[in-house]
Amino acid sequence: MTAVQSLSLAQARRIALAAQGFADPPHERPTMRTFQRTLERTGVLQVDSVNVLQRAHYMPLYSRMGPYDVDLLRRASETRPRRMVEYWAHVQAFMPVELWPVMRHRMEHHRERRGKWSIVEAEPGLEENLLAEIRERGASTARELDAGLPRTKEHWGWNWSNARRVLDWLYTTGDLAIAGRNGQFEIRYDLPERVIPAAVLALPTPTPEEAHLELVRRAARSHGVATIQDLRDYYRMSVVDTARAVATLVESGELEQVTVDGWRRPAYLHTQARLPRRIRARALLSPFDPVVWERARTEALFDFFYRIEIYVPADKRVHGYYVLPFLLGDRIVARVDLKAERRSGRLVVKAAYAEPVAPSETAAELAAELRRLAGWLGLDDVTVEPRGDLAPALSALVD
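Residues numbered from 1 in each chain as written. Predicted model: local features only at pLDDT ≥ 70, side-chain atom pairs only at ≥ 80, totals over all residues. Heavy atoms only, no water.

Q: Hey, could you run me through the overall build of the chain in this one?
A: In terms of helices and strands, the chain carries 16 helices and 14 strands. Against the compact-globule benchmark of 21 Å for 399 residues, the chain has a radius of gyration of 23 Å, which places it among compact chains. Across its three principal axes, the chain shows a C-alpha extent of roughly 75 × 65 × 40 Å. For the chain, the residues scored as buried account for 54% of the 399 residues in total. Partitioning the intrachain contacts of the chain with sequence separation of at least 6 by distance along the chain shows that 66% fall at a separation of at least 24. Put simply, the chain shows about 18,500 Å² of open surface, and 49% of that area lies on carbon and sulfur atoms. Side-chain charges of the chain comprise 57 positive and 53 negative groups, with the mean position of each set lying 2 Å from the other. (Helix = DSSP H or I, 4+ residues; strand = E, 2+ residues; numbered from the N terminus. Rg over C-alpha atoms; globule rule 2.2 N^0.38 Å. Buried < 20%, exposed > 50% of the residue type's maximum accessible area, 1.4 Å probe, protein only. Contact = heavy atoms within 4.5 Å. Areas by Shrake-Rupley, 256 points an atom, 1.4 Å probe, with all protein chains shown as cover. Lys, Arg positive; Asp, Glu negative; His and termini not counted. Charge placed at Lys NZ, Arg CZ, Asp CG, Glu CD.)

As C-alpha coordinates, this is what we get:
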(Lines give C-alpha, C1' and ligand atoms only; values in the text may rest on other atoms or scores of the structure.)
Protein backbone atom coordinates (compact mmCIF):
# COMPACT_ATOMS: atom_id res chain seq x y z
CA MET A 1 0.00 0.00 0.00
CA THR A 2 1.42 3.39 -1.02
CA ALA A 3 2.01 5.84 1.83
CA VAL A 4 -0.24 8.89 1.86
CA GLN A 5 1.68 12.02 0.88
CA SER A 6 1.72 14.88 3.36
CA LEU A 7 1.62 18.53 2.29
CA SER A 8 2.39 21.59 4.35
CA LEU A 9 -0.23 24.33 4.37
CA ALA A 10 2.11 26.59 2.38
CA GLN A 11 2.48 23.88 -0.27
CA ALA A 12 -1.30 23.44 -0.45
CA ARG A 13 -1.74 27.18 -0.93
CA ARG A 14 0.78 27.30 -3.76
CA ILE A 15 -0.81 24.29 -5.45
CA ALA A 16 -4.29 25.84 -5.15
CA LEU A 17 -3.19 29.23 -6.48
CA ALA A 18 -1.23 27.70 -9.36
CA ALA A 19 -4.27 25.63 -10.33
CA GLN A 20 -6.27 28.87 -10.51
CA GLY A 21 -3.72 30.57 -12.76
CA PHE A 22 -1.84 32.72 -10.26
CA ALA A 23 1.55 31.19 -11.11
CA ASP A 24 1.38 32.50 -14.68
CA PRO A 25 3.61 35.45 -15.62
CA PRO A 26 1.91 38.85 -16.06
CA HIS A 27 0.22 39.43 -19.40
CA GLU A 28 1.18 42.59 -21.25
CA ARG A 29 -1.87 42.43 -23.51
CA PRO A 30 -4.31 39.61 -22.80
CA THR A 31 -5.68 37.95 -25.94
CA MET A 32 -8.47 35.47 -26.58
CA ARG A 33 -5.93 32.72 -26.08
CA THR A 34 -5.11 34.17 -22.65
CA PHE A 35 -8.82 34.35 -21.92
CA GLN A 36 -9.35 30.73 -22.94
CA ARG A 37 -6.51 29.51 -20.76
CA THR A 38 -7.85 31.47 -17.78
CA LEU A 39 -11.36 30.08 -18.27
CA GLU A 40 -9.95 26.55 -18.38
CA ARG A 41 -8.26 27.19 -15.03
CA THR A 42 -11.28 28.68 -13.24
CA GLY A 43 -13.79 26.36 -14.93
CA VAL A 44 -16.70 28.69 -14.21
CA LEU A 45 -17.28 32.42 -13.80
CA GLN A 46 -20.06 33.18 -11.34
CA VAL A 47 -22.58 35.74 -12.61
CA ASP A 48 -23.98 38.32 -10.22
CA SER A 49 -25.87 41.56 -10.84
CA VAL A 50 -24.11 43.63 -8.14
CA ASN A 51 -22.22 46.41 -9.94
CA VAL A 52 -20.85 48.55 -7.12
CA LEU A 53 -17.33 47.90 -8.45
CA GLN A 54 -17.52 45.63 -11.51
CA ARG A 55 -19.85 42.74 -12.26
CA ALA A 56 -18.70 39.49 -10.69
CA HIS A 57 -17.86 37.53 -13.86
CA TYR A 58 -15.38 40.15 -15.08
CA MET A 59 -13.30 40.27 -11.90
CA PRO A 60 -11.69 36.78 -11.72
CA LEU A 61 -10.38 37.32 -15.25
CA TYR A 62 -8.87 40.67 -14.23
CA SER A 63 -7.36 39.19 -11.07
CA ARG A 64 -5.48 36.63 -13.17
CA MET A 65 -4.84 38.40 -16.48
CA GLY A 66 -4.53 42.01 -15.37
CA PRO A 67 -6.19 44.83 -17.34
CA TYR A 68 -7.97 43.31 -20.32
CA ASP A 69 -10.52 44.30 -22.90
CA VAL A 70 -13.89 43.21 -21.48
CA ASP A 71 -15.11 42.71 -25.03
CA LEU A 72 -13.18 39.42 -24.90
CA LEU A 73 -15.88 38.11 -22.56
CA ARG A 74 -18.68 39.29 -24.84
CA ARG A 75 -17.03 37.69 -27.85
CA ALA A 76 -16.43 34.43 -25.97
CA SER A 77 -20.06 34.21 -24.83
CA GLU A 78 -22.02 35.77 -27.69
CA THR A 79 -20.17 35.30 -30.99
CA ARG A 80 -18.97 32.33 -33.00
CA PRO A 81 -17.09 30.24 -32.16
CA ARG A 82 -18.89 30.47 -28.81
CA ARG A 83 -16.52 29.43 -26.06
CA MET A 84 -18.78 29.66 -23.03
CA VAL A 85 -22.43 29.84 -22.07
CA GLU A 86 -24.44 30.60 -18.96
CA TYR A 87 -26.02 27.82 -17.00
CA TRP A 88 -26.64 26.78 -13.40
CA ALA A 89 -23.10 25.39 -13.01
CA HIS A 90 -21.76 26.64 -9.66
CA VAL A 91 -24.72 28.93 -9.28
CA GLN A 92 -25.71 31.10 -12.26
CA ALA A 93 -22.39 31.08 -14.07
CA PHE A 94 -20.55 31.08 -17.35
CA MET A 95 -19.11 27.66 -18.10
CA PRO A 96 -17.16 26.27 -21.08
CA VAL A 97 -19.67 25.52 -23.81
CA GLU A 98 -18.58 21.88 -24.06
CA LEU A 99 -20.15 21.30 -20.62
CA TRP A 100 -23.67 21.68 -22.07
CA PRO A 101 -24.14 17.90 -22.60
CA VAL A 102 -22.61 17.22 -19.17
CA MET A 103 -25.36 19.38 -17.64
CA ARG A 104 -28.20 17.50 -19.34
CA HIS A 105 -28.72 15.35 -16.26
CA ARG A 106 -29.47 18.56 -14.34
CA MET A 107 -31.79 19.75 -17.08
CA GLU A 108 -33.71 16.47 -16.87
CA HIS A 109 -33.80 16.71 -13.10
CA HIS A 110 -35.52 20.10 -13.38
CA ARG A 111 -37.91 18.76 -16.00
CA GLU A 112 -38.89 15.87 -13.72
CA ARG A 113 -39.55 18.33 -10.90
CA ARG A 114 -42.20 20.05 -12.99
CA GLY A 115 -44.47 19.95 -9.97
CA LYS A 116 -42.25 22.45 -8.19
CA TRP A 117 -42.84 24.82 -11.08
CA SER A 118 -46.60 24.47 -10.79
CA ILE A 119 -46.96 27.79 -12.53
CA VAL A 120 -46.05 25.99 -15.76
CA GLU A 121 -49.42 24.29 -15.51
CA ALA A 122 -51.25 27.42 -14.36
CA GLU A 123 -51.69 28.91 -17.82
CA PRO A 124 -52.20 26.25 -20.48
CA GLY A 125 -50.31 27.04 -23.67
CA LEU A 126 -47.96 29.57 -22.07
CA GLU A 127 -44.88 27.40 -22.38
CA GLU A 128 -45.57 26.58 -26.04
CA ASN A 129 -46.41 30.20 -26.90
CA LEU A 130 -43.19 31.51 -25.38
CA LEU A 131 -41.11 28.99 -27.31
CA ALA A 132 -42.99 29.83 -30.52
CA GLU A 133 -42.45 33.57 -30.07
CA ILE A 134 -38.72 33.16 -29.45
CA ARG A 135 -38.43 30.77 -32.39
CA GLU A 136 -39.96 33.47 -34.62
CA ARG A 137 -38.31 36.56 -33.10
CA GLY A 138 -34.86 35.27 -32.22
CA ALA A 139 -33.04 36.14 -29.03
CA SER A 140 -35.33 38.20 -26.78
CA THR A 141 -35.42 39.58 -23.27
CA ALA A 142 -38.41 39.01 -21.06
CA ARG A 143 -39.27 42.71 -21.33
CA GLU A 144 -39.16 42.62 -25.13
CA LEU A 145 -41.51 39.66 -25.14
CA ASP A 146 -43.82 41.42 -22.69
CA ALA A 147 -43.94 44.56 -24.85
CA GLY A 148 -44.77 42.77 -28.06
CA LEU A 149 -47.09 39.92 -27.20
CA PRO A 150 -50.91 40.07 -27.07
CA ARG A 151 -52.28 40.62 -23.59
CA THR A 152 -56.03 40.76 -24.18
CA LYS A 153 -58.60 38.11 -23.37
CA GLU A 154 -59.57 37.94 -27.05
CA HIS A 155 -56.18 36.46 -27.78
CA TRP A 156 -54.40 34.04 -25.49
CA GLY A 157 -53.40 36.60 -22.87
CA TRP A 158 -51.07 35.87 -19.96
CA ASN A 159 -49.94 36.80 -16.50
CA TRP A 160 -46.52 38.33 -16.98
CA SER A 161 -45.05 37.19 -13.65
CA ASN A 162 -46.00 33.64 -14.61
CA ALA A 163 -44.39 34.05 -18.03
CA ARG A 164 -41.11 35.24 -16.57
CA ARG A 165 -41.01 32.22 -14.28
CA VAL A 166 -41.71 29.90 -17.21
CA LEU A 167 -38.86 31.45 -19.18
CA ASP A 168 -36.53 30.72 -16.28
CA TRP A 169 -37.87 27.17 -16.07
CA LEU A 170 -37.31 26.63 -19.79
CA TYR A 171 -33.73 27.79 -19.30
CA THR A 172 -33.10 25.34 -16.47
CA THR A 173 -34.51 22.46 -18.53
CA GLY A 174 -32.36 23.34 -21.55
CA ASP A 175 -35.32 24.16 -23.81
CA LEU A 176 -33.96 27.70 -23.92
CA ALA A 177 -30.40 28.94 -23.65
CA ILE A 178 -28.95 32.33 -22.79
CA ALA A 179 -27.74 34.05 -25.95
CA GLY A 180 -26.33 37.01 -24.03
CA ARG A 181 -27.36 40.02 -21.97
CA ASN A 182 -28.19 43.58 -22.95
CA GLY A 183 -26.79 46.79 -21.49
CA GLN A 184 -29.25 46.60 -18.61
CA PHE A 185 -27.98 43.10 -17.77
CA GLU A 186 -31.26 41.53 -18.90
CA ILE A 187 -31.09 37.95 -20.18
CA ARG A 188 -31.65 37.38 -23.89
CA TYR A 189 -33.26 33.95 -24.28
CA ASP A 190 -32.97 31.91 -27.48
CA LEU A 191 -33.29 28.35 -28.73
CA PRO A 192 -30.29 26.14 -27.87
CA GLU A 193 -29.62 25.35 -31.53
CA ARG A 194 -28.99 29.07 -32.15
CA VAL A 195 -26.67 29.37 -29.15
CA ILE A 196 -24.79 26.10 -28.65
CA PRO A 197 -22.48 24.98 -31.50
CA ALA A 198 -23.99 22.13 -33.51
CA ALA A 199 -21.01 19.87 -32.80
CA VAL A 200 -21.58 20.29 -29.05
CA LEU A 201 -25.33 19.71 -29.31
CA ALA A 202 -24.63 16.50 -31.23
CA LEU A 203 -22.44 15.05 -28.49
CA PRO A 204 -23.92 12.04 -26.67
CA THR A 205 -25.50 12.64 -23.30
CA PRO A 206 -23.37 11.22 -20.48
CA THR A 207 -25.03 9.12 -17.81
CA PRO A 208 -25.43 10.93 -14.47
CA GLU A 209 -22.46 8.95 -13.13
CA GLU A 210 -20.31 9.96 -16.12
CA ALA A 211 -21.39 13.58 -15.70
CA HIS A 212 -20.53 13.55 -11.98
CA LEU A 213 -17.13 12.11 -12.81
CA GLU A 214 -16.38 14.83 -15.35
CA LEU A 215 -17.50 17.63 -13.03
CA VAL A 216 -15.40 16.34 -10.13
CA ARG A 217 -12.45 15.88 -12.48
CA ARG A 218 -12.75 19.53 -13.54
CA ALA A 219 -13.24 20.72 -9.97
CA ALA A 220 -10.11 18.83 -8.91
CA ARG A 221 -8.14 20.39 -11.74
CA SER A 222 -9.35 23.88 -10.77
CA HIS A 223 -8.61 23.37 -7.07
CA GLY A 224 -5.33 21.49 -7.37
CA VAL A 225 -5.78 20.02 -3.90
CA ALA A 226 -9.13 19.81 -2.17
CA THR A 227 -11.38 17.97 0.24
CA ILE A 228 -14.56 16.22 -0.87
CA GLN A 229 -16.52 19.18 0.51
CA ASP A 230 -14.46 21.58 -1.63
CA LEU A 231 -14.97 19.43 -4.73
CA ARG A 232 -18.68 19.10 -4.05
CA ASP A 233 -19.14 22.86 -3.84
CA TYR A 234 -17.41 23.72 -7.12
CA TYR A 235 -20.28 22.47 -9.29
CA ARG A 236 -22.80 22.25 -6.42
CA MET A 237 -23.10 18.48 -6.33
CA SER A 238 -24.22 16.15 -3.56
CA VAL A 239 -21.63 14.76 -1.17
CA VAL A 240 -22.60 11.19 -2.11
CA ASP A 241 -22.15 11.74 -5.85
CA THR A 242 -18.89 13.59 -5.25
CA ALA A 243 -17.45 10.89 -2.99
CA ARG A 244 -18.27 8.18 -5.55
CA ALA A 245 -16.57 10.15 -8.32
CA VAL A 246 -13.54 10.82 -6.11
CA ALA A 247 -13.17 7.09 -5.37
CA THR A 248 -13.23 6.34 -9.10
CA LEU A 249 -10.64 9.02 -9.86
CA VAL A 250 -8.37 7.77 -7.09
CA GLU A 251 -8.64 4.24 -8.45
CA SER A 252 -7.79 5.44 -11.99
CA GLY A 253 -4.81 7.42 -10.72
CA GLU A 254 -6.13 10.88 -11.61
CA LEU A 255 -6.37 11.86 -7.94
CA GLU A 256 -4.12 10.99 -5.02
CA GLN A 257 -5.25 11.06 -1.40
CA VAL A 258 -3.02 13.32 0.69
CA THR A 259 -2.99 14.98 4.08
CA VAL A 260 -2.59 18.73 4.55
CA ASP A 261 -1.20 20.11 7.79
CA GLY A 262 -4.04 21.46 9.90
CA TRP A 263 -6.84 19.93 7.81
CA ARG A 264 -8.98 17.43 9.66
CA ARG A 265 -10.41 15.84 6.51
CA PRO A 266 -8.52 13.90 3.84
CA ALA A 267 -7.55 15.90 0.77
CA TYR A 268 -7.16 14.86 -2.86
CA LEU A 269 -4.35 16.07 -5.08
CA HIS A 270 -4.80 16.20 -8.84
CA THR A 271 -1.86 14.29 -10.29
CA GLN A 272 -1.17 17.05 -12.85
CA ALA A 273 -1.25 19.82 -10.25
CA ARG A 274 1.81 22.07 -10.11
CA LEU A 275 3.72 22.91 -6.94
CA PRO A 276 5.66 26.07 -7.77
CA ARG A 277 8.46 27.18 -5.47
CA ARG A 278 6.87 30.58 -5.17
CA ILE A 279 3.70 32.47 -6.06
CA ARG A 280 4.21 36.12 -7.00
CA ALA A 281 0.56 37.16 -7.14
CA ARG A 282 -0.76 40.64 -6.48
CA ALA A 283 -4.49 40.62 -6.93
CA LEU A 284 -7.77 41.85 -5.53
CA LEU A 285 -10.26 38.98 -5.36
CA SER A 286 -13.96 39.40 -5.97
CA PRO A 287 -16.26 37.98 -3.27
CA PHE A 288 -17.35 35.56 -6.02
CA ASP A 289 -13.85 34.43 -7.00
CA PRO A 290 -13.30 30.63 -6.90
CA VAL A 291 -10.36 31.13 -4.53
CA VAL A 292 -12.62 32.54 -1.81
CA TRP A 293 -16.23 31.62 -2.64
CA GLU A 294 -16.21 28.53 -0.39
CA ARG A 295 -15.56 30.29 2.91
CA ALA A 296 -14.49 27.20 4.90
CA ARG A 297 -11.82 26.40 2.30
CA THR A 298 -10.65 30.03 2.35
CA GLU A 299 -10.21 29.86 6.10
CA ALA A 300 -8.45 26.48 5.94
CA LEU A 301 -6.01 27.60 3.22
CA PHE A 302 -5.33 31.18 4.24
CA ASP A 303 -6.43 31.45 7.89
CA PHE A 304 -8.69 34.20 6.59
CA PHE A 305 -12.22 34.52 7.98
CA TYR A 306 -14.38 36.08 5.29
CA ARG A 307 -18.08 36.80 4.90
CA ILE A 308 -19.79 38.96 2.29
CA GLU A 309 -21.85 41.64 4.02
CA ILE A 310 -24.00 42.95 1.17
CA TYR A 311 -27.16 41.69 2.86
CA VAL A 312 -26.13 42.76 6.37
CA PRO A 313 -27.69 46.03 7.67
CA ALA A 314 -25.17 48.86 7.36
CA ASP A 315 -24.83 49.39 11.12
CA LYS A 316 -24.01 45.72 11.64
CA ARG A 317 -21.31 45.34 8.99
CA VAL A 318 -17.85 44.57 10.28
CA HIS A 319 -15.71 45.45 7.24
CA GLY A 320 -18.07 47.00 4.69
CA TYR A 321 -20.50 46.46 1.83
CA TYR A 322 -18.34 45.10 -1.03
CA VAL A 323 -15.13 43.86 0.51
CA LEU A 324 -12.36 42.30 -1.60
CA PRO A 325 -9.51 40.23 -0.14
CA PHE A 326 -6.03 41.32 -1.25
CA LEU A 327 -3.76 38.47 -2.31
CA LEU A 328 -0.03 39.16 -2.13
CA GLY A 329 2.30 36.29 -2.88
CA ASP A 330 0.51 33.22 -1.54
CA ARG A 331 -1.20 34.94 1.41
CA ILE A 332 -4.29 37.08 1.80
CA VAL A 333 -2.80 40.09 3.58
CA ALA A 334 -5.60 42.69 3.62
CA ARG A 335 -9.19 43.45 2.72
CA VAL A 336 -10.69 46.59 1.21
CA ASP A 337 -14.25 47.84 0.82
CA LEU A 338 -14.38 49.32 -2.69
CA LYS A 339 -16.82 51.38 -4.71
CA ALA A 340 -16.51 52.68 -8.27
CA GLU A 341 -18.03 56.17 -8.33
CA ARG A 342 -18.34 56.46 -12.07
CA ARG A 343 -19.89 59.95 -12.18
CA SER A 344 -16.97 61.49 -10.31
CA GLY A 345 -14.41 59.17 -11.91
CA ARG A 346 -13.13 57.87 -8.58
CA LEU A 347 -12.30 54.49 -7.12
CA VAL A 348 -13.24 54.94 -3.48
CA VAL A 349 -11.71 52.85 -0.72
CA LYS A 350 -14.45 52.95 1.89
CA ALA A 351 -12.32 50.98 4.36
CA ALA A 352 -8.99 49.12 4.41
CA TYR A 353 -7.82 46.54 6.92
CA ALA A 354 -4.52 44.67 7.26
CA GLU A 355 -4.35 41.01 8.24
CA PRO A 356 -1.94 39.79 10.98
CA VAL A 357 0.30 38.25 8.27
CA ALA A 358 0.55 41.50 6.29
CA PRO A 359 4.19 42.33 5.43
CA SER A 360 5.58 45.86 5.60
CA GLU A 361 5.09 46.42 1.87
CA THR A 362 1.34 45.70 1.97
CA ALA A 363 0.19 49.33 1.74
CA ALA A 364 2.54 50.11 -1.16
CA GLU A 365 1.57 46.97 -3.09
CA LEU A 366 -2.12 47.57 -2.48
CA ALA A 367 -1.83 51.21 -3.58
CA ALA A 368 -0.21 50.09 -6.84
CA GLU A 369 -2.95 47.50 -7.40
CA LEU A 370 -5.69 50.04 -6.70
CA ARG A 371 -4.23 52.45 -9.25
CA ARG A 372 -4.07 49.63 -11.80
CA LEU A 373 -7.68 48.63 -11.07
CA ALA A 374 -8.86 52.23 -11.37
CA GLY A 375 -7.19 52.50 -14.78
CA TRP A 376 -8.89 49.32 -15.98
CA LEU A 377 -12.27 50.61 -14.80
CA GLY A 378 -11.72 53.96 -16.56
CA LEU A 379 -11.53 55.92 -13.30
CA ASP A 380 -9.13 58.83 -12.86
CA ASP A 381 -8.48 58.89 -9.12
CA VAL A 382 -8.25 56.68 -6.05
CA THR A 383 -9.46 58.14 -2.77
CA VAL A 384 -9.24 56.52 0.66
CA GLU A 385 -11.74 57.18 3.42
CA PRO A 386 -10.47 57.06 7.03
CA ARG A 387 -11.81 53.70 8.11
CA GLY A 388 -9.66 50.69 8.99
CA ASP A 389 -6.14 50.29 10.32
CA LEU A 390 -4.58 50.23 6.84
CA ALA A 391 -6.35 53.39 5.65
CA PRO A 392 -3.81 56.01 6.87
CA ALA A 393 -0.81 54.38 5.19
CA LEU A 394 -2.82 53.70 2.04
CA SER A 395 -4.13 57.24 1.89
CA ALA A 396 -0.61 58.66 2.12
CA LEU A 397 0.43 56.59 -0.88
CA VAL A 398 -2.47 57.29 -3.26
CA ASP A 399 -3.42 60.88 -2.45
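Q: What should I look at first to understand the environment of Ala 283 in this one?
A: If you trace the backbone, Ala 283 turns up in strand 10 (residues 282-284). Here Ala 283 falls in the buried class, since its relative accessible area comes to 1%. Contact partners of Ala 283, with chain neighbours within four places excluded, come to Phe 22, Ser 63, Pro 325, Phe 326 and Leu 327.

Q: Explain the side chain of His 105 to me, please; I cannot follow it from the model alone.
A: Inspection of the secondary structure puts His 105 in helix 5 (residues 104-112). In this structure the side chain of His 105 is engaged in a polar contact, spanning 2.8 Å, whose partner is the backbone oxygen of Val 102. Excluding its chain neighbours within four sequence positions, the residues that come into contact with His 105 are Pro 208, Ala 211, His 212 and Leu 215. (Polar contact = N/O pair within 3.5 Å; in protein donor to acceptor, adjacent residues only side chain to side chain.)

Q: Is there a simple way to explain the packing of helix 15 (residues 362-377) against helix 16 (residues 391-398) in this structure?
A: Helix-helix packing is described using two parameters, namely the angle between the two axes and the distance between the axes. Across the interface, helix 15 lies against helix 16 with an axial gap of 9 Å and an inter-helix angle of 55°. With respect to each other, helix 15 and helix 16 are oriented oblique. Viewed along their axes, helix 15 and helix 16 form a crossing whose handedness is right-handed. Note on element contacts: helix 16 touches helix 15 through Ala 393, Leu 394, Leu 397 and Val 398, opposite Ala 363, Ala 364, Leu 366, Ala 367, Leu 370 and Arg 371. Looking at side-chain class alone, the contact of helix 15 with helix 16 contains nine nonpolar, no polar and one charged residues. (Axes fitted to C-alpha atoms, helices over the stretch in contact; angles between N-to-C directions. Parallel < 35°, antiparallel > 145°, perpendicular 65-115°, else oblique. Left-handed = near helix turned anticlockwise from the far one by under 90°. Nonpolar A, V, L, I, M, F, W, Y, C, P; charged D, E, K, R; others polar.)

Q: Please clarify how the sheet that holds strand 2 (residues 45-46) should be interpreted in this entry.
A: Sheet strands line up and pair through hydrogen bonds in the backbone, either parallel or antiparallel. Pairing is antiparallel in the open sheet, where three strands are placed in the order 2-4-3. The sheet is open, and its two edges are formed by strand 2 and strand 3 (84-88), each paired on a single side. (Pairing = 2+ DSSP bridges.)

Q: Teacher, can you tell me more about the packing of aromatic side chains here?
A: To describe a pair of aromatic rings, one takes the distance between the centres and the angle between the planes. What the rule picks out here adds up to seven aromatic pairs. Considering the side-chain rings of Tyr 87 and Trp 100, the 6.1 Å spacing of their centres and the 65° angle between planes classify their relative orientation as edge-to-face. You can see Tyr 87 sitting in strand 3 and its partner Trp 100 sitting in the loop between strand 4 (92-96) and helix 5, a full 13 residues away along the chain. The same class applies to Tyr 87 and to Trp 100, which are both buried. With centroids separated by 5.7 Å and ring planes inclined at 35°, the aromatic side chains of Phe 304 and Tyr 306 adopt a geometry described as tilted. As far as the burial class goes, Phe 304 and Tyr 306 line up, both buried. Members of the aromatic cluster, connected to one another through ring pairs, are Tyr 62, Tyr 68 and Trp 376. The aromatic ring of Phe 185 is capped on one face by Arg 55, whose charged end is 4.1 Å from the ring centroid. (Phe/Tyr/Trp six-rings, centres within 6.5 Å; stacked < 30°, edge-to-face > 60°. Lys NZ or Arg CZ within 6 Å of the ring centre and 35° of its normal.)

Q: Would you explain the environment of Thr 259 in this entry?
A: When you line up the elements, Thr 259 lands in strand 8 (residues 255-260). Since its relative accessible area comes to 38%, Thr 259 is described here as partly exposed. Through-space distance from the C-alpha of Thr 259 to that of Ser 8 is 8.5 Å; in sequence the pair is 251 residues apart. Engagement of the side chain of Thr 259 in a polar contact is seen with the side chain of Ser 6, the distance being 3.4 Å.

Q: It is not clear to me how the pairing of strand 4 should be interpreted in this structure. Could you clarify?
A: Within a regular beta strand, the side chains point alternately toward one face of the sheet and then the other, so they alternate between its two faces. Counting buried positions along strand 4 yields five of five residues, so the element is predominantly enclosed. As paired strands, strand 2 and strand 4 are joined by two bridges and run antiparallel to one another. Of the residues in strand 4, the one forming a bridge with Gln 46 is Ala 93. The hairpin turn running from strand 3 into strand 4, its antiparallel successor, is three residues long.

Q: Where do I start with unusual backbone geometry in this structure?
A: Note: most residues except glycine have negative phi, and most peptide bonds are trans. Here the bond from Arg 80 into Pro 81 is cis, since omega is -5°, no more than 30 degrees from zero. For Pro 81, the position within the fold is in the loop between helix 4 (71-78) and strand 3. The phi dihedral of Arg 236 falls on the positive side, at around 50°, and the residue is not glycine. Checked against the element boundaries, Arg 236 lands in the loop between helix 12 (228-234) and helix 13 (239-252). Here Arg 236 falls in the partly exposed class, since its relative accessible area comes to 40%.

That is the geometry; function is a separate question.
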